[in-house]
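Reading the structure
As a plain string of letters, each chain reads:
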Amino acid sequence: MSTTTDPQGGTFRLSMLLNDTRYRSMTLQAIAAIVLALALLYLYSNLAANLRAAGLNISFAFLGSPAGYDINQTLIDYNSQSTNLRAAVVGVLNTLLVAFLACVTATVFGVLAGVLRLSNNWLVSKLMAFYVEIFRNIPVLIWIVIIFTIMIAVLPGPRAFRGDDATSSMLFDLFAFTNRGVYVPGPYFTRGIGGEGGSIINWLLVIVVLVGSLFATRAVTARANNIQAATGVRPKTLWTNLAIWFVPIIALLFILGLSWDVPALKGFNFAGGIKVGGPLIALWFALSIYTGAFIAENVRAGIQAVSKGQTEAASALGLRPNRVMSLVVLPQALRVIIPPLISQYLNITKNSSLAIAVGYADITATLGGITLNQTGRAIECVLLLMLFYLVISLLISAFMNVYNNSMKLKER
Amino acid sequence: MSDAHAHSVAFVRETSLPPAPPPVAETGIVKWLRENLFATWANGLLTVASLYVIYLILSATMPWFFNGVWIASSLAECREILDGTTGGCFAVLTERWNQLLFGFTYPNELYWRPSLAFVMLFAALAPVLFFDLPRKLLIFTGLYPFIAYWLIWGGSILVPLFALVGFIVGYVVYVRLEKTSFAAGFFGGVGAALVTWAIGGYITPFLSGVLALEAVPSRNMGGYMLNMMLGVTCVSLSLPIGIALALGRQSSMPLIKWICVIFIEFVRGVPLITLLFVANVMLAYFFPPGTGVDLFLRVVIMITLFSSAYIAEVIRGGLAALPKGQYEAADSLGLDYPQAMRLIILPQALKISIPGIVNIAVGLFKDTTLVSVISMFDILGMIRGPILASTDWNGVYWELLGFACVVFFVVCYSISQYSQWLERRLATDHR
Amino acid sequence: MKKSVLFGALTVAGLAAGAAAAGTLDDVKARGKLNCGVTTGLVGFAAPDANGEWKGFDVAVCRAVAAAVLGDPSAVEFVPTTGKTRFTALASGEIDMLARNTTWTFSRDVDLKFEFTGVNYYDGQGFMVPKELGVSSAKDLDGATVCIQTGTTTELNLADFFRANNISYEPVPIETNAEAQQQYLAGACDVYTTDASGLAATRATFENPGEHILLPEIVSKEPLGPLVRHGDNEWADVVRWTLNALITAEELGVSSANVAEMASSTNNPEVARLLGTEGELGSMLGLEADWAKRAIETQGNYGEIFAKNIGEETPIGLSRGLNAQWTDGGLLYSPPFR
């Protein structure tokens, strides 16, 4: 037996390392390992030599020292005495914020444009084709710069709102569109728990109530389904559901004394309300409208990938066109649309690093920008920056794999 | 019966009526309008809305465009000429076109060199893009990188010549040795090429005056030329690396597979801008002390790594799309791995991947504008830096950005149109 | 070696591996070019003109060093650097010296291991506001939106100033001067802050410079000067004494117009030592005897460089102020040439 599988057993020659398929892969891998190790060693020795020559060292101690600079958009408490690490966290949150917002709006733009491009309306479909081609074929960085310039140059500065001969005025006296950002009324509680202005507990309370309503409506729907299954008659649930949604939350907001903080011109800027900064808007809008063009193509491809027979079959069953779309075409198209959609989300997250062009304080601008400049710790900062993006994209890919597996065509 | 019937009818037309024209609503332009623009009331509403949008866009841009000033030496002069009317100040383009295209430090009298290289690029690309052209033209494609290098950077022709000779020697050795085994041929070829280059490296410094064009350091390259150079160089360099990575990722050898997987996923996971930061602030530390590898080369290295990871994924898709039978057929013919790949698998897989590769190429070309963030003066860098900062043209945004949009759109749109044409041509199924 | 040959074949021929241990001075001489890091464009200090020729105050320092070392003021390769890249460029050897309005601070000198070779401009961080805002002091800026050019010590000074005065502000960090201008002029920020000299240079490029004022507060000390890598003292000496030569020349009344005449006919021993007609100062530095003469001849003395690039006659219109000679009540004080 052994002689057939190992005819030359025992007489091992060196040339067999390359010519014998049993050993060749081992040899090649060993060579690869050695080459890789040598290459890494070479790079490392260069790095060490260069750092020694420059008298530098690799140290992450700077993360614990005060950052010393201010950031204009902070989702958590931050001041110039906070540490560099906290500045980086502020940046991370800002990155995630703009990425999330842009993903939502890009999907809306993309789905709208993709569906409208397939519209029977000649003008609309041509217009959408124009939108898609224009945005797909011009670099996103140019779009970011253009949209930021439009914001800066077209919207009025807060100065224009001042005085009796003001050239600009607020929309409904509630919203102010300035080239520093958009100011909208912000909610607050006058009778909130934990003092005026409201602590985070109030908002938690609101969320708890909303989640409660969600579960309650689900229960109502489940009950309706049961009754329908048992008797064939579906009880009306609309009014019950509406009541469950609205009554508790309105009552709660009334008890807490919800009120709106309307922005007003005060000193140099508008004060009060919520400010959505200009850089955020420019980046958000540019990323959404650019990526929207790509998503539109994905959506179009997805819808066209559903074979015509499906539409015809659905029509033959007597479904109306919009039900054909929602019940037959879209569910099948989603299977094709979602994977590229998620990789577009990934692209948005990565492209948000271009925030640096408009001065939005994302992770690239805090950790990879000002912190890097002030501490001079280039290697450490860039490594941390790459690590962050890597973690984000690995998380998204992992999610995508899970989704793909669950959406796979289940064949019998 | 028939008789009676015949008499009960007072009149029988003996000639047929001329066909009546169809109702107005069902013909010509009206029908087209009805079907395509006003099929339903919602559709009509959409049409009106679209018309309004088009009107808004045109009314904003047309006066600005047609009323534009093309000759002036500064924005102030431009505004004087316009005298309060709406109009673009395109004089900035006529005055600074050379900086936008070539950067501000490329010597004026040498513009013909990159321009010639650009024209020759079409000749070199033609046989690659259009399969019907005679295959002999590929020789020029092979020579092109060396000619273009010589034209753009200048210096002695010996440098690119020796590089070329190295490739030729390597190829000859490869062909000779390939008969015994692919590995021997491959490594022998690489070795021979390196030896040739080493010899060339010793010889060229002494003959630096031979057929020398005026040398231009790469720091002086800028403008749209820089985008072009980065795009073309990085895409062409990343193709072979991408193929190797894709094959490596499919390999049965776990170590090689994992090296490729980690590399690809790492590069795809980080934004290009961080890789450019690496090129800009980190990479210099990884070269041997004292070698000042210039920024252009560092950026080329990083962008090439970046795009090769994406191209690898596209080609992996092509490889995965091949039916298993193809691999088994190659095996059953007794072909070894390199032969099977070269003769059977890759030609088909690459054909499937071409549209994907073209997409990556377009994306990469657009991404070359990111180098403006790391203080390289590509077209966007020129606009945002020296031109807008100059006293004369401080404030001319739309004209300059519009110009950048136009040049990118022309190139990217033609490439994507080509890609669609190719897809139609390559579609040999579903007939 | 193979690697470098490969690179050489692929790219610029001049990439041959240099000897790592050689001093920067020898490197520069062997290369025949000085690699000098400058800003990406700040009119008056370092900016390419319409023909792509670099001009400015910092540029003149580079050219003076090139003239002293290589005898040719045009043998300079200007490497534009941003606030982010300048230190890496210097530390990694991409540039030989950095003349890019860089503030001399403790941590840069000690922690980042650089050697500041003197001060060529005493500056301080200032504020520019539109006149119509009616602000007369930086302390009135409570709640203002402030455009900051990033990459220098500006952000930190600003944070410290507002913190110390207990007033609030909203920072808008901007990478390049051109974009800061754009935002400031469009009213996206109320105040623009950077070094006072930079503000003056920026204001000079405005359509109506008269509509903007610089506030009286100078919130920081910004001694700007050229710097080199730590540990290469010979090279640091060359850069330091070239700068000192320019300053001393002004003090002694040597200018580009009379330097040739002075060199041949001076009775002042210090002038003779400076211009190399007496003593061995040049060879002590490893340069030729007329090193300083060449620098002064081509670039002029400190006063001439100042007047030509940023002085009151230029659109930037800076007065000498702190940057006058010590004899005129300024801070410029060069150690003696002896």
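Going by the structure above, here's the rest.
Here we take up the overall build of chain A. Helix and strand content of chain A: 13 helices and seven strands. Its C-alpha atoms give chain A a radius of gyration of 30 Å, more than 25% over the compact-globule value 22 Å for 412 residues. Principal-axis analysis of the C-alpha atoms places the extent of chain A at approximately 95 × 70 × 50 Å. Evaluated residue by residue, chain A yields a buried proportion of 44% over its 412 residues. Counted over contacts in chain A with a minimum sequence separation of 6, partners at least 24 positions apart contribute 64%. Split by element, the accessible area of chain A, about 21500 Å² in all, is 68% carbon and sulfur. Positive and negative side-chain charges of chain A, numbering 28 and 15 respectively, have mean locations separated by a distance of 11 Å.

Applying the stated rule across the entire model yields 19 salt bridges over all chains. One salt bridge in this structure joins Arg31 of chain C and Asp96 of chain C, with 2.9 Å as the shortest N-O distance. Of this pair, Arg31 of chain C sits in helix α2 (residues 24–31) while Asp96 of chain C sits in the loop between α4 (86–91) and β5 (97–98), and the two are 65 residues apart along the sequence. Overall, Asp96 of chain C belongs to the buried group, its relative accessible area being 2%. In this structure, Glu115 of chain C engages Arg240 of chain C in a salt bridge whose closest nitrogen and oxygen atoms are separated by 3.5 Å. Pair noted here: Glu115 of chain C is in strand β6 (residues 114–116) and Arg240 of chain C is in helix α9 (residues 233–251), with a separation of 125 residues, a long-range link. Three or more residues are tied together by salt bridges with common partners; here these are Arg249, Glu265, Glu313 and Arg316 of chain B.

On to the nonpolar core. The biggest cluster of nonpolar side chains holds 269 residues, and the ones touching the most others in it are Val299 of chain B together with Met97 and Trp235 of chain C. Residues within four places of Trp235 of chain C in sequence aside, it is in contact with Thr24, Leu25, Val28, Leu34, Val65, Val69, Asp96, Met97 and Val228 of chain C. One finds Val135, Ala144, Val146 and Tyr169 of chain C within the second-largest nonpolar core, a separate group that totals 18 residues.

Residues and elements named next belong to chain B. Turning to its location among the elements, Ser419 is positioned in helix α17 (residues 397–426). Exposure remark for Ser419: the relative accessible area of 5% places this residue in the buried category. If we ignore the near neighbours within four places in the chain, the residues touching Ser419 are Pro355 and Val358.

What follows deals with the state of the cysteines. Residues and elements named next belong to chain B. Enumeration according to the criterion identifies three disulfides over all chains in this entry. Note on Cys260: no disulfide assigned, nearest cysteine sulfur contributed by Cys234 at a separation of 20 Å. Classification of Cys260 as buried rests on a relative accessible area of 9%.

Definitions and cut-offs
Residues numbered from 1 in each chain as written. Chains lettered and ligands numbered in written order. Predicted model: local features only at pLDDT ≥ 70, side-chain atom pairs only at ≥ 80, totals over all residues. Heavy atoms only, no water. Helix = DSSP H or I, 4+ residues; strand = E, 2+ residues; numbered from the N terminus. Rg over C-alpha atoms; globule rule 2.2 N^0.38 Å. Buried < 20%, exposed > 50% of the residue type's maximum accessible area, 1.4 Å probe, protein only. Contact = heavy atoms within 4.5 Å. Areas by Shrake-Rupley, 256 points an atom, 1.4 Å probe, with all protein chains shown as cover. Lys, Arg positive; Asp, Glu negative; His and termini not counted. Charge placed at Lys NZ, Arg CZ, Asp CG, Glu CD. Salt bridge = Lys/Arg side-chain N within 4 Å of Asp/Glu carboxyl O. Core = buried A, V, L, I, M, F, W, Y, C linked by side-chain atoms within 4.5 Å. Disulfide = S-S within 2.5 Å.

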